[in-house]
Amino acid sequence: MSKLIFEKHVPFSNSFSLPPCEVPEVVEIPEALQRKEKLSLPEVSEVETIRHFTELSRKAYGVDSGFYPLGSCTMKYNPKIDEWAARLPGFANIHPYQPEETVQGALELMYEMEKMCCEIAGMDRFTLQPAAGAHGEMTGVMIIKAYHKKRGDEKRTKILVPDSAHGTNPATANVVGYDVVEVKSNDRGLVDIEDLKAKMSDEVAGLMLTNPNTLGLFEEEIVKIASIVHEGGGLLYYDGANLNAIMGVCRPGDMGFDIVHLNLHKTFGTPHGGGGPGSGPVGVKAFLAEFLPVPVVEKKGDKYVLDYDRPESIGKVKNFYGNFGVVVKAYTYIKSLGRDGLKDVAYNAVLNANYLRHHLSQYYNVPYNRLCKHEFIANSKFQHDKNGITTMDIAKRLLDYGYHPPTVYFPLIVHEAIMIEPTETETKERLDDFIKAMADIAREAEEEPEKVKNAPHTTVVKRIDEVGAARNPIVKWEEE
Amino acid sequence: MRYTPNPPAVAEEMLKSIGLNSFEDLFADIPQEVRLNRELDLPEGLSEIEVKRHLLEKARRNITVDEYPCFLGAGAYDHFVPAAVDQILLRSEFYTAYTPYQPEISQGILQSIFEYQTMICKLTGLDVSNASMYDGGTALAEACQVAVSSKAKKIIVPDNIHPENLRILKTYALSGRFAIEVIPGKDGIIDIEAMKKAIGKGTAAVVIQQPNFYGIIEQGIEELAEAVHQNKGLLIMSVDPISLAILKSPAEYGADIAVGDGQVLGNNLSFGGPYLGFFAASEKLLRKIPGRIVGQSVDSEGKKAFVLTLQAREQHIRREKASSNICSNQALCALAAAIYLSLIGPEGLRQIALRSHQMAVYAKNELEKKGLTLKYKQPFFREFAVKMDNPSTMNKKLLENGIIGGFELDDAMMLAFTEKRTRAEIDKLVNVLGGEK
Amino acid sequence: MRVESGLLYTQNHEWLKVEGDKAYIGITDYAQEHLGDIVFVELPEVDAEFDAEDSIAVVESVKAVSSVYTPVGCTIVEVNEELESSPELLNEDCYTNWIAVVEITDKSGLDELMNAEEYEAFCAEQE
């Protein structure tokens, strides 16, 4: 472990300074309101601060470090031009409350971004306000609630969620005040239509669905699913986590979805930042547009304005207008790729996934081994049956081979799942290398199982005691 | 410009190797009736030269706070960001990484968050901090969700918290999981007696913003802490992290949870986002707080190591029982905050807070010399409201004079000051505002 | 898997030891084994009142979380505070280390509980 910045503290080593003070150095704050407690932040020189964080960066692994086949996360290459764009002073150094006439370029960008999102998703209006996918889900489910409420249909207290769903879907429904009802998957990994019919009722507000689903499979009966929910008076929510697979091929709006969120940090190439910031715009069909958060950007003549006068709006889900800086990056991405480029993304994402699935299924069990979309699920069944090797062991062994492991133990409906999403930005050579590494690990699992069970061997730390961390949490540094 | 690296011949070879003939075959499972069957109605892709030109043109149509001095605050402030911050943020091991779920190859990110958490604890005086949230407003809403229980659902909020934060609280309350009771203030500050009267058995929490939306430093918060604690509710404070260098910390007031926006800690204004919300709490709430938390542990060889911990609180494990649905944190913005605080140091932060305050005091005195008066005569930190009949006309006039004015209230303008402002800029502001009289 | 005779069991893998109007409530060996290393137990407050089927406590491991439900209407008389600092006791001996002692206020739920043999068969079915 590197020393903590606090342990590099040297009194008076920090030489940060302000310009000479040109105004009287008075303090007009009553004594009783002033801080008494010492502020013990570290004092470190600039050079040592830079070295500290540079050292930390070397103990991290990004898409630029290597292959990152993390299922459901769409870890594609983050174009550098997008970073440049968001840092332009005209975008980075403007205050959210500036007069509209001083931010016309920013408002125009938001306006155009909304239009492009509408076209890509097949929706009528978008809000750019939500800060992440989960935040978008919450916004969308609130819109579902507002819609039923306005119609006086308040007996709808349930949200349907497939059993293959990401945890955010049920969590979101709960946070917005709904009871969650799970819909089963059938033996093909798709929504069980009979179970959906049985669970749809006049108490159901809507269904949350990803398509392709979390197994990477396209819900082939989406039209039937949509009509069951709609005929029952519910709305259809599209979790955009997996849109990368179908851009330019088909659109959630055309499948019957009423509300959609997009993950700009997955589909549109903005970096994940080690956990954020992301951006989760929410799109709706015209009949739900009145419920979108305020403000929305409108064009009046040749001027762009922020419209707050929307009485049916659910209000605000975030300060100001969302993660504008992230929106700039995604806008730049879409502009760079254009209509053909986006379709090319879907084509290659699906090709790369199927290529890996096909070749890896020689070594690993692939429970739904048929045409997939952007990702697929393997598991450790073969290796476990033989030598007790778990999915976690395989994931950790991949670290030794220099890869970021796939998503593991999700979705929950596949035992010991290994969820692989290569994305479109990988070359055949990279994929072949990965296949070889996975094949090597499969061989090791047979011949030298202990090597896999005790992995990783080459990382700066070995497997970490998570139980100890959770039983006796230490969540900050304390002076010894 | 495209980022799909396989040339057509290679793609074709790949298709063949899996027994397919064309890209179209990859989508055979998508029913015809939902196919787009046309091109997306978007322009053709652009080369990098064209994209650059296009974005520059848009960016140039915005007036930046570097071109015109900015006196806007109201939740986002034009504080100085050292050049070194962005240099580190551009280390792609940080910004192109995913959430550090694989701790063996993510010790750097985990450690930076652990350091961030420690810094937030130091600033607020509280025991524990999460790895950050979307922004100050949503962090406040999440704090309210932590406070509620089946027996206590009422959140008491004065009307002088940031109006956007209040609007967010009301939106989150659409869930029915908690109810907001807004208590009108007096003279720009909270009405302590009215708030105390509102506190009762069903009170989950009292929310206080310090300094409040008008920039005023509230007094008597300790009394409210006592009253709400007697009723087993929580005191939630929404605070400005820069102000904490010189103002009493939430812990000193007896707060159970402190939240706020961390934009001022090394993050650009960026037209409102991305920022970060920080969230700190007392030890007893550790297992109830939302979002990611980094903990210290040991590896199998006994070496000190960091790992995301207490994950059973989070949506991916708790699913429909989760009281927050948040997945992400604003890791990169939190990293900016940690770098910023390291570069500035404790004395630097104090100087920045003091200078901002002193600039504001100077401006107030100069405005008063011109016959203008403050809307509220209360102690302030770096922002205050100055009375005027038509703030929107004044803002236009300021703009004509190359100044980005303040936040408009009905009969006043809120002006904010940071260490970046100069005396000359303030004198010019005062002259324009004073000229109207 | 261990099942202790003389206790009553729920389908949700809680056990009850009834003594007159009082009962001890804990989780079964099957439950602790499926949860894995238990890292935290959220206990109810003494005097708190619950209806049958209410969640009275929450047990967390690193990768899972589970509610502990009371099969009977009850008032909490005592909680096992030792679990706050040593949650691993539930892994070590889940039948000695009860979670709460309750006063039963509504006995109707007792009729539906299983005895040790029935519970053992029930678990076998679950596997």
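Up top you'll find the structure we're talking about.
Cut-off values and rules
- Residue indices follow the written sequence of each chain, beginning from 1 at its first position.
- Each chain takes a letter, starting from A, and each ligand takes a number, starting from 1, following the order in which they are written.
- Only residues with pLDDT of 70 or above have their local features reported here, since the model is predicted, and side-chain atom pairs are shown and tallied only from 80 upward, although totals for entire chains, interfaces and linings are computed over all residues.
- Side-chain numbers here rest on the full set of heavy atoms in the structure, without hydrogens or water.
- Per-residue accessibility, obtained with a 1.4 Å probe over protein chains only, is compared with the maximum for each type, and a residue is labelled buried under 20%, exposed over 50%, and partly exposed between these values.
- Secondary structure elements follow DSSP: runs of H or I of four or more residues count as helices, runs of E of two or more count as strands, with numbering from the N terminus.
- The arc in question is the one spanned by the directions pointing from the helix axis to the C-beta atoms.
- The contact criterion used is simple: two residues touch if any of their non-hydrogen atoms lie within 4.5 Å.
- Points on a 1 Å grid over protein atoms alone make up a cavity when a 1.4 Å probe fits among them but cannot get out, and a pocket when they form an open set with protein on both sides within 12 Å along at least five of seven lines; lining residues each have an atom within 4 Å of a point.
- Grid points are joined across faces, edges and corners, and a volume is the space filled by probe spheres set on the points.
- Buried area: the accessible surface (1.4 Å probe) lost by two parts on joining, summed over both.
- Any Lys or Arg side-chain nitrogen located within 4 Å of an Asp or Glu carboxyl oxygen qualifies as a salt bridge.
- Polar contacts, as used here, are pairs of N or O atoms within 3.5 Å; protein pairs need one atom able to donate a hydrogen and one able to accept it. Residues neighboring in sequence count only if both atoms are side-chain atoms.
- Take the residue count of a helix, subtract one, and multiply by 1.5 Å to get its expected span.
- To pair, rings of Phe, Tyr and Trp, with the six-membered ring standing in for Trp, must have centres within 6.5 Å; the planes then decide the type, stacked if under 30 degrees apart, edge-to-face if over 60, and tilted in the middle.
- One requirement defines pairing of two strands: DSSP has to find at least two bridges between them.
- A fitted line through C-alpha atoms represents every axis, and for helices the fit uses only the stretch in contact; the resulting angles, taken between N-to-C directions, go from 0 to 180 degrees.

Student: Help me understand helix α1 (residues 8–17) of chain B, please; the structure alone is not making it clear to me.
Tutor: Side chains of residues three or four places apart in an α-helix project in the same direction, reflecting 3.6 residues per turn. Taken residue by residue, α1(B) has V10(B), A11(B), M14(B) and L15(B) as its buried positions. Seen along its axis, α1(B) keeps its buried residues to an arc of 140°; they face one direction. Counted as exposed and oriented over 90 degrees from the buried face of α1(B): A9(B) and K16(B). Where the residues of α1(B) are buried, they touch α11 (324–360) and α14 (428–447) of chain A. Following α1(B) by one or two positions, G19(B) adopts a phi angle in the positive range, close to 80°.

Student: Help me understand empty space enclosed by the protein, please; the structure alone is not making it clear to me.
Tutor: Residue and element names in this part refer to chain B. Evaluated as defined, the whole model comprises 6 cavities of 30 Å³ or more. Quantified by volume, the largest cavity comes out at close to 330 Å³. Lining the largest cavity we find 25 residues, and of these G75, Y77, Q209, V239 and D240 sit closest to its centre. Taken together, the elements giving at least two residues each to the lining of the largest cavity come down to α6 (136–147), β4 (203–210), β5 (234–239) and β6 (257–261).

Student: What am I meant to see in the interface of chain B and chain A here?
Tutor: Frequently, the measure chosen for interface size is the accessible area that the parts lose on association. The interface is formed by 193 residues belonging to chain B together with 202 residues belonging to chain A. Both faces combined, the contact of chain B with chain A buries some 17400 Å², and carbon together with sulfur accounts for 62% of it. Looking at the side of chain B facing chain A, the largest losses of area belong to Y3(B), F271(B) and R319(B), adding up to 6% of the total buried there. The interface formed by chain B and chain A includes 14 salt bridges. Salt-bridge contacts for E13(B) lead to K428(A); the nearest nitrogen and oxygen are separated by 3.5 Å. Along the contact surface separating chain B from chain A lie 106 residue pairs in polar contact (both at pLDDT 80 or more). Here the side of chain B that touches chain A gets 25 residues from one element, more than from any other, and that element is helix α12 (residues 331–369) of chain B.

Student: Just to check I follow, could you spell out the pattern of salt bridges for this structure?
Tutor: For side chains bearing opposite charge, pairing can occur when the charged atoms are close. Summed over the entire model, instances satisfying the criterion amount to 73 salt bridges over all chains. In this structure, the salt-bridge partner of E290(A) is K150(A), at a minimum N-O distance of 3.1 Å. Of the two residues, E290(A) sits in the loop between β7 (282–284) and β8 (296–300) while K150(A) sits in helix α5 (residues 133–150), which places them 140 residues apart along the sequence. When salt bridges that share partners are traced, they join E108(A), E112(A), E57(B), K58(B) and R61(B) into one network.

Student: I keep staring at the environment of V44(A) and nothing clicks. Help me out?
Tutor: You can see V44(A) is positioned in the segment before α1 (46–57). A C-alpha to C-alpha distance of 9.6 Å links V44(A) and E7(A), two positions 37 residues apart in sequence. Apart from the residues within four sequence positions on either side, V44(A) is in contact with I5(A), K8(A), S13(A), N14(A), T49(A) and S342(B).

Student: Help me out: how do you make sense of α14(A) in this one?
Tutor: The terminal C-alpha atoms of α14(A) lie 28 Å apart, and with 20 residues this matches the ideal 28 Å at 1.5 Å per residue to within 8%. Where α14(A) is concerned, the buried positions are K428(A), L431(A), F434(A), I435(A), A437(A), M438(A), A439(A), D440(A), I441(A), A442(A), E444(A) and A445(A). Where α14(A) is buried, its residues contact α11, α12 (381–387), α13 (391–400), β12 (417–420) and α15 (449–453) of chain A together with α1 of chain B.

Student: Would you mind going over the packing of aromatic side chains with me for this structure?
Tutor: Scanning the entire structure with this criterion turns up 32 aromatic pairs over all chains. Ring centres of Y97(A) and F320(A) lie 5.1 Å apart, and the angle between their planes is 70°; on these two criteria the pair is classed as edge-to-face. Of this pair, Y97(A) sits in the loop between α3 (89–92) and α4 (104–121) while F320(A) sits in the loop between β9 (303–307) and α11; the two residues are 223 residues apart in sequence, bridging distant segments of the chain. With centroids separated by 4.4 Å and ring planes inclined at 5°, the aromatic side chains of Y9(C) and Y119(C) adopt a geometry described as stacked. One end of the pair, Y9(C), is in strand β1 (residues 8–9); the other, Y119(C), is in helix α4 (residues 116–126), and 110 residues separate them in sequence. Comparing Y9(C) with Y119(C), the two get one shared label, buried.

Student: Would you mind going over the sheet that holds strand β6 (residues 259–262) of chain A with me for this structure?
Tutor: Adjacent strands of a sheet form backbone hydrogen bonds with each other and so pair up, either parallel or antiparallel. Residues and elements named next belong to chain A. Pairing is mixed in the open sheet, where 7 strands are placed in the order β1-β7-β6-β5-β4-β2-β3. Single-partner strands in this sheet number two, and they are β1 (125–127) and β3 (179–183). Geometrically, the sheet is characterised by an average inter-axis angle of 25° between neighbouring strands, direction not taken into account. Strand direction decides the pairing type here: strand β2 (residues 158–162) and strand β4 (residues 204–209), joined by 3 bridges, are parallel. Across the sheet, the residue bridging to L160 is L207, located in β4. Contacting β1 and β6, α4 crosses the sheet at an angle of about 120° to β1.

These figures come from the coordinates and say nothing about function on their own.
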